[in-house]
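Here is what each chain is made of, one letter per residue.
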Amino acid sequence: MGVVLEAKTDRHRGVVATILVQTGTLHAGDTILAGLAYWRVKAMTNAAGERLAEAGPSTPVEILGLNDVPSAGERVLVRKSEKEARAEADHRARA
């Protein structure tokens, strides 16, 4: 679990979000959900710009691969699959 600190669209990299991992470990390749945005983490970097394979608690990371720009403060949750994350995002959008 974590929280979105900021998110933006970069002309060269697409949608980029900085998140703070709060509990558990986030791995490159995990499927995550934040508000109505969901995505598979394609790449993850730390504050120094170094690529990471995983990030533990209290680690701020910048991630790529988002389908939409999430709002700052949105809770970030890991889901088992992109299908599950998409279904939950669609449910949230209808509610």
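Presented here is a report on the structure given in the accompanying data block. (Residues numbered from 1 in each chain as written. Predicted model: local features only at pLDDT ≥ 70, side-chain atom pairs only at ≥ 80, totals over all residues. Heavy atoms only, no water.)

## Some details on the pairing of strand E7 (residues 59–66)
Put simply, the rule is: Two strands make a pair as long as DSSP finds a minimum of two bridges between them. Numbering of helices and strands starts at the N terminus; helices are DSSP runs of H or I of at least 4 residues and strands are runs of E of at least 2.
Two elements, strand E2 (residues 14–21) and E7, share six bridges in a ladder whose sense is antiparallel. Bridge pairing in E7 places Leu-20 opposite Pro-60. As judged from the four bridges shared by strand E5 (residues 37–45) and E7, these two strands associate in the antiparallel manner. Residue pairing in the sheet places Thr-45 in a bridge with Glu-62 of E7.

## Some thoughts on the pattern of salt bridges
As a reminder, the rule being used: Throughout this description, the term salt bridge denotes a Lys or Arg side-chain nitrogen within 4 Å of a carboxyl oxygen of Asp or Glu. Note on exposure labels: buried denotes an accessible area under 20% of the residue type's maximum, exposed denotes more than 50%, and partly exposed covers the range between, all computed with a 1.4 Å probe on protein chains only.
Using the criterion set out here, one finds five salt bridges in the structure. Residue Arg-13 pairs with Glu-62 through a salt bridge whose shortest N-O separation is 2.9 Å. Of this pair, Arg-13 sits in the loop between strand E1 (2–10) and E2 while Glu-62 is found in strand E7, placing the two residues 49 residues apart along the sequence. Classification of Arg-13 by relative accessible area gives partly exposed; the value is 39%. Across the pair Arg-86 and Glu-82 runs a salt bridge, and its minimum N-O distance is 3.7 Å. Of this pair, Arg-86 and Glu-82 both sit in helix H1 (residues 82–94), separated by four residues, roughly a single helical turn.

## Some words on the sheet that holds E7
The following threshold applies: To define axes, lines are fitted to C-alpha atoms, for helices over the stretch in contact only, and angles between the resulting N-to-C directions are given on a 0 to 180 degree scale. We call two residues contacting when some pair of their heavy atoms lies within 4.5 Å.
An order of E1-E2-E7-E5-E4-E8 is seen for the six strands of this closed barrel, with the pairing classed as antiparallel. Within the sheet, the average angular offset between the axes of one strand and its neighbour, ignoring direction, is 45°. Pairing of strand E4 (residues 31–34) with E5 involves four bridges; the strand directions are antiparallel. Residue Thr-31 lies in a different strand from E5, and its bridge partner there is Arg-40. Set on the sheet, H1 makes contact with E4, E5 and strand E8 (75–79); between it and E4 the angle comes to about 10°.

## Quick word on unusual backbone geometry
Here Ser-58, not a glycine, exhibits a phi torsion of approximately 65°, which is positive. Judged by its relative accessible area of 62%, Ser-58 is exposed.

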